[in-house]
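The residues making up each chain are set out below.
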Amino acid sequence: MALESKPMFRKVIYPFYDSEAACIVIIILMLLILMFSIAGISVAREEPQYNGYVWVPVILAIMSAVILLSAAIRLIKQYLARFSH
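Quick caveat, the model's predicted, so the values are computed rather than measured.

1. Regarding the overall build of the protein chain
Within the protein chain one finds two helices and zero strands. Burial status across the protein chain gives 19% buried among its 85 residues. Once local pairs closer than 6 in sequence are excluded, the contacts in the protein chain between residues at least 24 apart make up 70%. Of the roughly 7,300 Å² of accessible surface on the protein chain, 73% is carried by carbon and sulfur atoms.

What follows is the structure, encoded as C-alpha cells:
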C-alpha cells in the first residue's frame, strides 16, 4: 500500500495567536504600553526621589518593544506568504 502524500491545495491554518487580528491587537497594546513606559521614564528622571526606580519602566519598555517587533515580524511573514503565491 503506497503512502499518501499531503495534498498541495490545503490552506495553512494559523493558531489564533498568530492570526492577523491578534497580531494587530498585540501591536496596538504594546504601543500603548511602550508610550506608558516612556512617560514613566521621563517622570522617574525628573523626580530625584524616583531616580533609583528608572529601571522598572526601562525594563517595561524593552519587553514591550521586543513583543512589538515579534508580532510585527510575524505579521509581515504572513503577508509575504499570502502574496507570494
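2. What about a nonpolar patch on the surface?
Nonpolar side chains collect at one region of the surface, where Ile24, Val25, Ile28, Leu29, Leu32 and Met35 lie side by side and expose about 550 Å² of accessible area between them. As for its placement among the helices and strands, Ile28 is situated in helix H1 (residues 20-46).

3. Concerning the nonpolar core
Counting six residues, the largest nonpolar core is built from Cys23, Ile27, Met30, Leu68, Ala71 and Leu75. At the level of elements, H1 and helix H2 (55-83) are the ones that each hand at least two residues to this core. Those residues within four positions of Leu75 in sequence are excluded, and the remaining contacts are Glu20, Cys23, Ile24 and Ile27.

4. Here's the deal with H2
End to end, H2 covers 42 Å across 29 residues, agreeing with the expected 42 Å (1.5 Å per residue, within 8%). Among all positions of H2, only Pro57, Ala61, Ser64, Leu68, Ala71, Leu75 and Gln78 are buried. Those residues of H2 that are buried are in contact with H1.

5. With respect to H1
For an α-helix, 3.6 residues make a turn, and residues three or four places apart therefore share a direction. The terminal C-alpha atoms of H1, which comprises 27 residues, lie 39 Å apart, in line with the 39 Å expected from a rise of 1.5 Å per residue. Listed as buried for H1 are Ala22, Cys23, Ile27, Met30, Leu34, Ser37 and Ala44. Buried residues along H1 sit against H2.

6. Description of the side chain of Ser64
Positionally, Ser64 belongs in helix H2. Since its relative accessible area comes to 2%, Ser64 is described here as buried. Filtering out sequence-adjacent residues up to four positions away, Ser64 remains in contact with Met30, Ile33 and Leu34.

Conventions adopted
- Residues numbered from 1 in each chain as written.
- Predicted model: local features only at pLDDT ≥ 70, side-chain atom pairs only at ≥ 80, totals over all residues.
- Heavy atoms only, no water.
- Helix = DSSP H or I, 4+ residues; strand = E, 2+ residues; numbered from the N terminus.
- Buried < 20%, exposed > 50% of the residue type's maximum accessible area, 1.4 Å probe, protein only.
- Contact = heavy atoms within 4.5 Å.
- Areas by Shrake-Rupley, 256 points an atom, 1.4 Å probe, with all protein chains shown as cover.
- Patch = residues over 30% accessible without salt bridge, like charges linked within 9 Å, V, L, I, M, F, W, Y side chains within 5 Å.
- Salt bridge = Lys/Arg side-chain N within 4 Å of Asp/Glu carboxyl O.
- Core = buried A, V, L, I, M, F, W, Y, C linked by side-chain atoms within 4.5 Å.
- Expected span 1.5 Å × (residues − 1).

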